[in-house]
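Structural description and commentary
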Amino acid sequence: MNVTVLNGPNLNRLGTREPHIYGAATYRDLETLVADTAARLGLTVEMRQTNAESELLGWLHDAADTGTDVVLNAAAWTHTSVAVGDACAMLTGRLIEVHISNVHRREPFRHHSYVSAHADGVIVGCGPDGYRLALEHLAATAPG
């Protein structure tokens, strides 16, 4: 089973960006967690991060065209980008939305998601472990 794990802006700064909110784990730590989880579950995972919205949109379009399941942390674009929401609506595989922090305990603008309406599941506030939970859910509920 193939899964694409997509990460939006500033997630490459994990470990240095607001560690009181996002924790001390680095993006490399997150990559290791995802790779180890994928190996344990027998998944093929491609993980990507971008600070360019157009690049994220292209990756979502690719996933839509191939029917690939997606774990998405669109970061700030979750709350601001109709275009990201529209791209999520085109997905033909399953979508799990992930946020490292509990967005509902943060600034009011973070309480709305353009992604959630298209997601099969949403995981918030579990730190990097949310990615493990998302992959385990996808593996456990794989069609067929």
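Going by what an unreviewed UniProt entry lists, the protein chain is known as 3-dehydroquinate dehydratase and is assigned to Stackebrandtia albiflava. As stated in UniProt under Pathway (unreviewed entry), the record for the protein chain gives "Metabolic intermediate biosynthesis; chorismate biosynthesis; chorismate from D-erythrose 4-phosphate and phosphoenolpyruvate: step 3/7." Looking at the Function (unreviewed entry) heading of the UniProt record, one finds this comment for the protein chain: "Catalyzes a trans-dehydration via an enolate intermediate."

Attention now moves to the state of the cysteines. According to the stated counting rule, one finds 0 disulfides in the structure shown. Free of any disulfide, C88 has its nearest neighbouring cysteine sulfur in C126, separated by 20 Å.

This next bit is on the layout of surface pockets. What the largest pocket holds in volume is close to 160 Å³. Lining the largest pocket, in full, are N2, V3, T4, T44, V45, E46, R48, W59, D62, A63, T66 and T68. For the lining of the largest pocket, the secondary-structure elements that each account for two or more residues are β1 (2-7), β2 (44-49) and α3 (53-66). Of the residues contributing to the lining of the largest pocket, the split by class is 4 nonpolar, 5 polar and 3 charged.

Time to look at the packing of helix α2 (residues 27-41) against helix α6 (residues 129-140). Helix-helix packing is described using two parameters, namely the angle between the two axes and the distance between the axes. For the pair α2 and α6, interaxial distance at closest approach is 9 Å and the crossing angle is 20°. Comparing the axis directions of α2 and α6 gives the class roughly parallel. At the point where α2 passes α6, the crossing takes the right-handed sense. Side by side, α2 and α6 meet where L30, L33, V34, T37, R40 and L41 of the first sit next to D129, Y131, R132, L135, E136 and A139 of the second.

Here the focus is the UniProt feature "active site" (unreviewed entry) in the protein chain. If you check UniProt for "active site" (unreviewed entry), the listed places come out as Y22 and H99 in our numbering. On the basis of their most widely separated C-alpha atoms, the annotated residues across 78 residues gather in one place, lying no more than 9.6 Å apart. Looking only at the residues we just named, the largest cavity is lined by Y22 and H99. Among the structural elements, Y22 can be located in helix α1 (residues 19-22). The exposure class assigned to Y22 is buried, which follows from its relative accessible area of 10%. If we skip the residues at most four places from it in the chain, Y22 touches L14, R17, I100, S101, R106 and R110. At a separation of 3.5 Å, a polar atom in the side chain of Y22 contacts the side chain of R17. Structurally, H99 can be placed in strand β4 (residues 95-99). Excluding residues within four positions of it along the chain, H99 makes contact with N73, A75, T78, I123, V124, G125 and C126.

Secondary-structure assignment places D69 in strand β3 (residues 69-73). On the basis of relative accessibility, which here comes to 8%, the residue D69 falls in the buried class. A distance of 2.7 Å separates polar atoms of two side chains, one belonging to D69 and the other to R94.

Between its first and last C-alpha, α3 extends 20 Å over 14 residues, near the 20 Å set by a 1.5 Å rise per residue. Along α3, the residues classified as buried are L56, L57, W59, L60, A63 and A64. Around the axis of α3, the buried residues are gathered within 160° of arc, so they sit on the same side. With respect to the buried face of α3, the exposed residues turned more than 90 degrees away are S54, D65 and T66. Of the surrounding secondary structure, the elements contacted by the buried residues of α3 are β1, β2, β3, α4 (77-80) and α5 (82-89). Immediately downstream of α3, the backbone of G67 shows phi near 75°, a positive value.

Rules and cut-offs
- Residues numbered from 1 in each chain as written.
- Predicted model: local features only at pLDDT ≥ 70, side-chain atom pairs only at ≥ 80, totals over all residues.
- Heavy atoms only, no water.
- UniProt positions renumbered as here; feature names shortened; annotations may be inferred.
- Disulfide = S-S within 2.5 Å.
- 1 Å grid on protein atoms, 1.4 Å probe; cavity = no way out; pocket = protein on both sides within 12 Å on 5 of 7 lines; lining within 4 Å.
- Points joined across faces, edges and corners; volume = space filled by probe spheres on them.
- Helix = DSSP H or I, 4+ residues; strand = E, 2+ residues; numbered from the N terminus.
- Nonpolar A, V, L, I, M, F, W, Y, C, P; charged D, E, K, R; others polar.
- Axes fitted to C-alpha atoms, helices over the stretch in contact; angles between N-to-C directions.
- Parallel < 35°, antiparallel > 145°, perpendicular 65-115°, else oblique.
- Left-handed = near helix turned anticlockwise from the far one by under 90°.
- Contact = heavy atoms within 4.5 Å.
- Buried < 20%, exposed > 50% of the residue type's maximum accessible area, 1.4 Å probe, protein only.
- Polar contact = N/O pair within 3.5 Å; in protein donor to acceptor, adjacent residues only side chain to side chain.
- Expected span 1.5 Å × (residues − 1).
- Arc of directions from axis to C-beta.

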